[in-house]
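# Residue-level structural notes
Below, each chain spelled out in residue letters.
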Amino acid sequence: MSFLKKLIKKKDEEQRPNAGPPPTGVQTMSAELQLKYAKGVQYNMKVIIKGDRNVGKTTLFLRLQGQKFREEYLPTDEIQVANIQWSYKATDDVVKVEVWDVVDKARRKPTSEGSLKMRHEGTEEDLSPKLDAQFVDVYKGTHAVILMYDMTKMWTWKYVEQEIPKIPAHIPVVILANCRDMGLHRTVDVDTPGYFVSSLDRGEDAASVRFTEMSLLNGFGLKYLHAFFNVPFLALQRDTLLKQLEANTRETLTIHQELDILGEADYENILESVKLKKAGIKPESDVSSTSSDGALRPPPAQTLTIPTGNKGTKPSQSVETSTRTNSHNTNR
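Residues numbered from 1 in each chain as written. Predicted model: local features only at pLDDT ≥ 70, side-chain atom pairs only at ≥ 80, totals over all residues. Heavy atoms only, no water.

Right, let's get into the side chain of Q237. Locating Q237 in the fold gives a position in helix α7 (residues 230-263). Among residues more than four places away in sequence, those in contact with Q237 are Y43 and D93. (Helix = DSSP H or I, 4+ residues; strand = E, 2+ residues; numbered from the N terminus. Contact = heavy atoms within 4.5 Å.)

Shown next as structure tokens:
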């Protein structure tokens, strides 16, 4: 049996058309995550990584996916997106965490030699467009922001100070000071970020801003970051539950209104409607209608045509049948 399954799977793969590589910047989802999301996702959480160039954003992006530390520096040309494995404690809730490695200004590459040139060579227009923060609003739909800087480069900390005011106040932020393993060469004083965070005023009901140090070389600080993901998740869970509670309240009110209407229905009118249906006559209304003042009104009288003889010999006799309660009682 197992041999037959393998044979069928092999033929299916041979007949399946080649889908080609995924789009640039999009990471292929692992089989483990595909299996996890197959049964449905309760929560979709978006986390973005921002920072100046050469601070370790892409390295963190890869480490969150479970990959090893990459020593060589390769500049990222455009925004990258991937899903990572994360869950809240020991719950059964399936949380899809989407991480963005954000590039503020993409490094555009020259168009390929085989592509059609619409302008003169050597101009800026010959460069192929790339996805960056100037092209898309990265904060839209974001639930958490990771701001990174290199503690050995003061200019990377300046980026954090300038970027914080641009982040919507409802989004929680964690500031990561990378390169803790090179602490002897730090140029950003250890008290500077703490003082900055404590004196930050984002307004009332604003989300929290936290700070910690990290070393992507040995993994120091990754556990803190993993625990920080609980903050945006709980906020997302609370908003979802509040929306469900509002919907539940509306549905409960609707059900009670429906029960009030059904409870005021007149038994005699309903019985008369059933008799008309059995006789093959469609009543104008199955239940008593309700007037603008809220009072119940019985349906209007109906005129029934009852044949009294053969076709063409005697005219039909018209009989007015009232569906009102009093007339029904009199006939009985």
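Before going further, it helps to examine the nonpolar core. In this structure, M45, L60, I146, L225 and F229 are the most contacted members of the largest nonpolar core, which totals 28 residues. Counting residues per element, this core draws most heavily on strand β1 (residues 43-51), which supplies four residues. Formed by 25 residues, the second largest nonpolar core is a distinct cluster that contains V138, I171, A177 and F196. (Core = buried A, V, L, I, M, F, W, Y, C linked by side-chain atoms within 4.5 Å. Buried < 20%, exposed > 50% of the residue type's maximum accessible area, 1.4 Å probe, protein only.)

Take the environment of M45 next. Examined against the element boundaries, M45 turns out to sit in strand β1. Distance from M45 to F233, taken between C-alpha atoms, is 7.0 Å for residues 188 residues apart in sequence. Filtering out sequence-adjacent residues up to four positions away, M45 remains in contact with W86, V95, K96, V97, E98, H143, F229, P232, F233 and L236.

Here we take up the pairing of β1. In terms of burial, β1 is a largely internal element, eight of the nine residues being buried. Judged from the seven bridges that link them, β1 and strand β3 (residues 95-101) form a sheet pairing that is parallel. Its bridge partner being in β3, M45 is matched across the sheet by V97. (Pairing = 2+ DSSP bridges.)

Quick look at the sheet that holds β1 now. What the six strands build is an open sheet, ordered β2-β3-β1-β4-β5-β6; its pairing is mixed. If you trace the sheet from one side to the other, it starts and ends with β2 (80-84) and β6 (209-213), each paired once. Recorded for the sheet is a direction-independent mean angle of 20° between the axes of neighbouring strands. When β2 meets β3, the two strands line up antiparallel, connected through five bridges. If you follow V81 over to β3, its bridge partner there is W100. Strands β1, β4 (144-150) and β5 (173-178) of the sheet are contacted by helix α4 (residues 154-163), whose axis makes an angle of about 150° with β4. (Axes fitted to C-alpha atoms, helices over the stretch in contact; angles between N-to-C directions.)

We now examine the packing of aromatic side chains. By convention here, two paired aromatic rings are described through the distance between centres and the angle between planes. If you walk through the whole model with that rule in mind, you get six aromatic pairs. On the numbers, 5.2 Å between centres and 85° between planes, the contact of Y43 with F233 is edge-to-face. With Y43 in strand β1 and F233 in helix α7, this residue pair connects regions lying 190 residues apart in the sequence. Relative to F233, the ring of Y88 has its centre 5.1 Å away and its plane inclined at 35°; by these criteria the two rings are tilted. A residue pair is termed long-range when its members are at least 10 positions apart, and Y88 in the loop between β2 and β3 and F233 in helix α7 qualify at 145 residues. (Phe/Tyr/Trp six-rings, centres within 6.5 Å; stacked < 30°, edge-to-face > 60°.)

Where empty space is left becomes clear once a probe the size of a water molecule has been rolled over the atoms. The space that makes up the largest pocket amounts to roughly 580 Å³. In terms of lining residues, the largest pocket is bounded by 32 residues, among which N54, V55, G56, T59 and Y73 are the most central. The biggest single contributor to the lining of the largest pocket is helix α3 (residues 57-63), with three residues. Split by residue class, the lining of the largest pocket holds twelve nonpolar, eight polar and twelve charged. (1 Å grid on protein atoms, 1.4 Å probe; cavity = no way out; pocket = protein on both sides within 12 Å on 5 of 7 lines; lining within 4 Å. Points joined across faces, edges and corners; volume = space filled by probe spheres on them. Nonpolar A, V, L, I, M, F, W, Y, C, P; charged D, E, K, R; others polar.)

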